[in-house]
Amino acid sequence: MTKKLLLIDGNSIAFRAFYALYNANGFTSDSGLHTSAIYGFNRMLDKVLAEEEPTKVLVAFDAGKTTFRTAIFSDYKGDRLRTPQELLEQIPYIKELVEDRGIVSYELDNYEADDIIGTFVKLAEDAGDYQTTVITGDRDLTQLSSDTTTVKVTKKGVTELDTFTPEFVKEKLGILPTQIVDFKGLKGDTSDNYPGVTKVGNVTATKLIQQFGSIESIYDNIESVSGKKLKEHLIEDRDKAFNAKKLATINRNSPVGIGLDDIDFNNAKTEKLIKLYKELGFKSFLKNMNTAETKSDFEFNKINYTQLTADNINEINSFDELTIQIELDDENYHQAEMLGFSIGFKDKWFVSNDVDLLKLSPIKSKLEDITVKKNLFDVKKNYVCLHRLGIELKNVDFDMLLVSYLLDTNNNSNDVGTISKLHGYENIRTDDEVYGKGAKKIIDPNSEEFFEHLVHKTYSIDYLHDKMFTKLNDNDQAKLYWDIELPVALVLSKMEINGITVSETTLSEMGSKLQERLSEIEQTIYQEAGEEFNIGSPKQLGVILFDKLKLPVIKKTKTGYSTAVDVLEKLAPDAQIVQNVLEYRQISKLLSTYIDGLIKVINPNDHKIHTRYLQTLTQTGRLSSVDPNLQNIPIRSEDGRKIRKAFVPSDNNWVIFSSDYSQIELRVLASITGDENLQMAFKNGEDIHEATARRIFGLAKDEVVNGDYRRQAKAVNFGIVYGISDYGLSQNTGISRKQAKTFIDKYFAEYPGVKEYMDNIVKQAREYGYVETIANRRRYLPDINNRNFSKRSFAERTAMNTPIQGSAADIIKIAMIKVQEAIKDLDTKMLLQVHDELIFEVPEYELEQIKELIPKVMDSAVKLEVPLKVESNWGHSWYDAK
DNA sequence: GCTTTGATC
DNA sequence: GTCCAGATCAAAGCA
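Residues numbered from 1 in each chain as written. Chains lettered and ligands numbered in written order. Predicted model: local features only at pLDDT ≥ 70, side-chain atom pairs only at ≥ 80, totals over all residues. Heavy atoms only, no water.

1. With respect to the overall build of chain A
Step number 1: Along the backbone of chain A there are 36 helices and 27 strands.
Step number 2: C-alpha atoms of chain A, sized along the principal axes, occupy 105 × 80 × 60 Å.
Step number 3: For chain A, the proportion of its 882 residues judged to be buried stands at 53%.
Step number 4: Within chain A, contacts between residues at least 6 apart in sequence are counted, and of these 67% link residues at least 24 apart. (Helix = DSSP H or I, 4+ residues; strand = E, 2+ residues; numbered from the N terminus. Buried < 20%, exposed > 50% of the residue type's maximum accessible area, 1.4 Å probe, protein only. Contact = heavy atoms within 4.5 Å.)

The following block contains the structure:
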């Protein structure tokens, strides 16, 4: 009977696995070790061991950097980038994994993994009676393929393999496996950094080999080579060719210290393997082991549940803590239909389609009971939904969504299943898996599957409660959760439910006027272009401007010409049509997004817009606003600003009142960097841009700063907040890169504390892998040590910006909580938050009080090393609150 | 579904 | 030399 030998090229498979999964999320263990290569390697092992059913297995590794090849050619593989640290740290674990799975691994000084494999291929062929399979990511090894040896090379990832038999090699390359070394001798190998014969590439090399059979034979018959130049090159590069062949040839007689008898495939060392999987966080592999020990963690495939009805509703009475999940048919919980719910605790779970049951005793009273803890996913959604049912949710303990967001903004999701799996509870599916996604999404609220999924959701929330809270405490983020995020969710729910009144008439009237202007400009553009086309199509516009009118191309996108504003602005002085296009763009933006867009989302019953704030989306801790976005209502252009006239109080005698933090990010910067000069400027109540202008332009203390200096200084101030680069600043201000650089250098010289902070925060990010805000909000920066300049630079800028933007976000959240508390007995309502601004509607009779109260609460929200400054405005509409 | 554009802080 | 300001959302065109 033939014996089955499996030989694996350890380094090359690890390398492939690492990059195949490099960008996937979640491949780090609890201890922060990267695990993508280990994981991929193990997947590959599972697959090939099952397929090949070998009796003998060997995994070969490279040993060190010098080999007999570097002795021949000192630059061998000299061009290779050094192996990334994230991969290097995984190699010992892969060796451990291999051993625990009952497989021998081997490495040999001065030889590469290839040579070990080549030697064992020969040993097996000499012994006869072996079928050998080689697994590798390196095509060079296909030279080993023969009647008894098959070489499988990774095609995609590490589990999809191409099978190279001698026939397949012949078909693919046109030559025999044994001729591959001759082929490479002629061609050289750029990835291993050794040269072949000048001007010989794939085609010529193949032709020569087909004609002569080998390098030796070519030189023996050099006169019959056709082509004068080719012949010259061959003669010239004779040494290179033979050298390259030697480098390409896999050594089949390496002095390996072990033999075929030493590499039997043994049983896995189960205990050690389980320990390793646990350490690495490999849930799915653990699960597949199916041993008594690992099984216990995964045995709750079925969770018992009961249909809740008016008859058994009293069983809820026994709960002194509960978990609840309400299922909706749409993400917009203000209007979505409530399809059903699950409620329960520990081992008692109920489901129902009838959300009206929630209004009945004892459920309603439990939900409103301040002594009964509630666990859920997305507290704000639950507040709003229950409010729609007339229930006031109290005492929320665990919000899995919020906690998950605070733990890691990178690996967050809106899906219970996704987050559960991320935190180690596998027995649940995602909504996409159960309901389908995109256009194919179908929820059947009467199906068994629906109820089961719902119960799995509540169950997993309950299951992960302690575990995730522990992580939160370990990260020192409990205060952030309890004192900021959880209370701010309640404040936001009140704001969303209240909504803001928007006058449809005002919008429609503006719309008609704008529509008229748009039509006029449209006609003018058609005349100027000499034809009608879709001005809104960048593609068609590009054809008109750059092909037909031959305007200079300034920037290209990957699909064609760029027609973005900065490009058009450069063209506008010389082309009237471009000026008109710019105006057309501006107006059509206002019409589609702000006039038509807003009219669509005004609730016809209360004439209000109820946005939804996303509290767990941004990487910095800011809020975002959707359905519609009320955080980007125009203000800069006068035409756009008029949109704000439609945002009015819900009562005629009231006013819109707005308070905003002045320069909050620069104040945060001054505070956290401890820079004395910057702090001094704020403490003295100076105009910060003027103060910076004086410093970087070297003006006297009382000298008047002209507008241009101030403008440039302002750009520098902003640049610093964003994590500056000279290029970015030059682009933004129109100055030269060199000039930008001197500004930045001068800035850092004048504000040395800022410079020191920026250097330190990047260093800190490298060391810990994350940066933090004043409230311990965290942002992980996986790219901070990336070898890709661009990615790394981005991570560095992020390291500088996030503590500033994020701390400002912390501050306004704290302020919102305090403000809401301060106005709770008044009629004044908080309506909107726009990052550094809070907007209210205020009855006339409370205006005097509010004018004092809001700024007072806001500027004392937190204590920084510089004062916070709040400016307030009010008027009959949001437009007039300026 | 992805790309381009443009609105905000 | 890398080619880049930070954070978002929505509409429209196009494949």
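2. A short note on the nonpolar core
Step number 1: By size, the foremost hydrophobic cluster in this structure holds 189 residues, and its most contacted members are Leu358, Ile643, Tyr661 and Tyr747.
Step number 2: By residue number, the principal contributor to this core is helix α35 (residues 789–822), which donates twelve residues.
Step number 3: Discounting chain neighbours no more than four positions away, the residues touching isoleucine 643 are Leu507, Met510, Leu590, Tyr594, Ile595, Leu598, Ile633 and Pro634.
Step number 4: Counting 43 residues, the second-largest nonpolar core is a separate cluster that includes Ala124, Tyr219, Ile222 and Leu260. (Core = buried A, V, L, I, M, F, W, Y, C linked by side-chain atoms within 4.5 Å.)

3. Concerning the protein's contact with DNA strand B
Step number 1: Around DNA strand B there are 21 residues in total, and Thr563, Val565, Arg585, Arg622 and Ile635 lie nearest to it.
Step number 2: In DNA strand B, atoms within 4 Å of the protein come from the sugar-phosphate backbone in 81% of cases.
Step number 3: Measuring from a base oxygen of DNA strand B, one finds a side-chain N or O atom of arginine 622 at 2.6 Å.
Step number 4: Here a phosphate oxygen of DNA strand B and a backbone polar atom of isoleucine 635 are 2.7 Å apart.
Step number 5: It is helix α26 (residues 576–600) that provides the largest number of residues to the surface near DNA strand B, a total of four residues. (Near = heavy atom within 4 Å. Polar contact = N/O pair within 3.5 Å; in protein donor to acceptor, adjacent residues only side chain to side chain.)

4. Brief notes about the packing of helix α18 (residues 400–407) against helix α22 (residues 478–498)
Step number 1: Between α18 and α22, the least distance of the axes is 11 Å, while the angle of their chain directions is 125°. One element, α18, and the other, α22, form an angle in the oblique class. Judged by the sense of rotation from one axis to the other, the crossing of α18 with α22 is right-handed. Residues Leu402, Val403 and Leu406 of α18 pack against Leu480, Tyr481, Glu485 and Leu486 of α22.
Step number 2: Split into classes, the residues belonging to the contact of α18 with α22 amount to six nonpolar, no polar and one charged. (Axes fitted to C-alpha atoms, helices over the stretch in contact; angles between N-to-C directions. Parallel < 35°, antiparallel > 145°, perpendicular 65-115°, else oblique. Left-handed = near helix turned anticlockwise from the far one by under 90°. Nonpolar A, V, L, I, M, F, W, Y, C, P; charged D, E, K, R; others polar.)

5. Things to note about the sheet that holds strand β27 (residues 870–875)
Step number 1: Pairing within the open sheet is antiparallel, and its four strands lie in the order β25-β26-β22-β27. The sheet is open, and its two edges are formed by β25 (829–833) and β27, each paired on a single side. Adjacent strand axes in the sheet meet at a mean angle of 25°, parallel and antiparallel pairs treated alike.
Step number 2: Here seven bridges tie strand β22 (residues 654–661) to strand β26 (residues 837–843), and the two strands are oriented antiparallel to one another. Its bridge partner being in β26, phenylalanine 657 is matched across the sheet by phenylalanine 840. (Pairing = 2+ DSSP bridges.)

6. Quick word on the packing of helix α30 (residues 688–696) against helix α33 (residues 737–750)
Step number 1: Where α30 meets α33, the closest approach of the two axes is 9 Å, and the angle between their N-to-C directions is 105°. Classified by the angle between their axes, α30 and α33 sit roughly perpendicular to one another. Along the contact surface, α30 presents Thr692, Arg695 and Ile696, while α33 presents Phe743, Lys746, Tyr747 and Glu750.
Step number 2: Of the residues belonging to the contact of α30 with α33, the class tally is three nonpolar, one polar and three charged.

7. Focus on helix α34 (residues 752–768)
Because an α-helix completes one turn every 3.6 residues, residues spaced three or four positions apart along the sequence face the same direction.
Step number 1: The terminal C-alpha atoms of α34 lie 24 Å apart, and with 17 residues this matches the ideal 24 Å at 1.5 Å per residue to within 8%.
Step number 2: When we look at burial in α34, the residues that qualify are Gly753, Val754, Tyr757, Met758, Ile761, Val762 and Ala765. In an axial view of α34, the angular spread of the buried residues amounts to 160°, which keeps them on one side of the axis. Pointing more than 90 degrees away from the buried face of α34 are the exposed residues Glu756, Lys763 and Glu767.
Step number 3: Along its buried surface, α34 packs onto α28 (664–673), α29 (676–683), α31 (707–722), α33, β23 (770–772) and α35.
Step number 4: At the C-terminal side of α34, glycine 769 shows a positive phi close to 85°. (Expected span 1.5 Å × (residues − 1). Arc of directions from axis to C-beta.)

8. What about the pairing of strand β13 (residues 373–376)?
Side chains on a regular strand alternate between the two faces of the sheet.
Step number 1: Of the pairings in the sheet, the one linking strand β10 (residues 321–328) to β13 comprises three bridges and is parallel in character. By the bridge assignment for β13, leucine 322 is matched with lysine 374.
Step number 2: The sheet contact formed by β13 and strand β14 (residues 396–399) spans three bridges and is parallel. Each bridged residue has a counterpart across the sheet, and for asparagine 375 the counterpart in β14 is phenylalanine 398.

9. Brief notes about the protein's contact with DNA strand C
Step number 1: Near DNA strand C you find 34 residues, and of these Ser537, Ser624, Asn732, Phe789 and Phe794 are the closest.
Step number 2: For DNA strand C, the backbone portion of the atoms within 4 Å of the protein, that is sugar and phosphate, comes to 59%.
Step number 3: Arginine 622 places a side-chain nitrogen or oxygen 3.0 Å from a base nitrogen of DNA strand C.
Step number 4: Secondary structure elements with two or more residues in the surface near DNA strand C: α24 (538–548), α26, β20 (624–626), α31, α32 (726–733) and α35.
Step number 5: Sort the elements by how many residues they give to the surface near DNA strand C and α35 lands first, with six residues.
Step number 6: The residue inventory of the surface near DNA strand C, partitioned by class, reads ten nonpolar, 18 polar and six charged.

10. Re the packing of aromatic side chains
Step number 1: Counted under the stated rule, the structure contains 30 aromatic pairs.
Step number 2: An angle of 65° between the planes, with centres 6.2 Å apart, marks the rings of tyrosine 526 and phenylalanine 533 as edge-to-face. Like tyrosine 526, the residue phenylalanine 533 is buried in the burial classification.
Step number 3: Judged by centre distance (6.3 Å) and plane angle (40°), the rings of phenylalanine 718 and tyrosine 722 are tilted. (Phe/Tyr/Trp six-rings, centres within 6.5 Å; stacked < 30°, edge-to-face > 60°.)

11. Brief notes about unusual backbone geometry
Peptide bonds are mostly trans, and most non-glycine residues show a negative phi.
Step number 1: Residue proline 362 is reached from serine 361 by a cis peptide bond, and omega for that bond is 5°.
Step number 2: Among the structural elements, proline 362 can be located in the loop between β12 (348–352) and α16 (363–368).
Step number 3: In this model, aspartate 627 is joined to proline 628 through a cis peptide bond whose omega is 0°.
Step number 4: Secondary-structure assignment places proline 628 in the loop between β20 and α27 (638–641).
Step number 5: A positive phi angle, near 55°, is found at lysine 550, a position not held by glycine.
Step number 6: Tracing the sequence through the fold places lysine 550 in the loop between α24 and β16 (556–557).

12. Observations concerning the sheet that holds β10
Step number 1: Strand order in this open sheet of six strands is β9-β12-β11-β10-β13-β14, and the pairing throughout is mixed. In this open sheet, the two strands that pair with only one neighbour each are β9 (306–307) and β14.
Step number 2: As paired elements, β9 and β12 share two bridges and run parallel to each other. Its bridge partner being in β12, glutamine 307 is matched across the sheet by valine 351.
Step number 3: Packed on one face of the sheet, α18 meets β13 and β14 and runs near 55° to β14.
Step number 4: Contacts from helix α21 (residues 448–474) reach β9, β10, β11 (338–345), β12, β13 and β14 within the one sheet, and its direction differs from that of β10 by about 135°.

13. Structural notes on α31
Step number 1: With 16 residues, α31 ought to run about 22 Å at 1.5 Å a step, and its terminal C-alpha atoms sit 23 Å apart, in line with that.
Step number 2: Within α31, the full set of buried residues consists of Gln712, Ala713, Ala715, Val716, Asn717, Gly719, Ile720 and Val721.
Step number 3: Looking at the buried positions of α31, the neighbouring elements they touch are α28, α30, α32, α33, α34 and α35.
Step number 4: Residue asparagine 706 occupies the N-cap position of α31, its side-chain oxygen lying 2.9 Å from the main-chain nitrogen of aspartate 708.
Step number 5: Looking one or two places after α31, you find glycine 723, whose phi comes out positive at around 85°.

14. Concerning a negative patch on the surface
Step number 1: A surface patch of like charges, here negative, comprises Asp329, Asp330, Glu331 and Glu337.
Step number 2: Looking at the secondary structure, you find glutamate 337 in the loop between β10 and β11. (Patch = residues over 30% accessible without salt bridge, like charges linked within 9 Å, V, L, I, M, F, W, Y side chains within 5 Å. Areas by Shrake-Rupley, 256 points an atom, 1.4 Å probe, with all protein chains shown as cover. Salt bridge = Lys/Arg side-chain N within 4 Å of Asp/Glu carboxyl O. Lys, Arg positive; Asp, Glu negative; His and termini not counted. Charge placed at Lys NZ, Arg CZ, Asp CG, Glu CD.)

15. Some words on the pairing of strand β4 (residues 130–136)
Step number 1: With six of its seven residues buried, β4 lies for the most part within the structure.
Step number 2: As paired strands, strand β1 (residues 3–9) and β4 are joined by six bridges and run parallel to one another. The partner of lysine 4 across the bridge, within β4, is glutamine 131.

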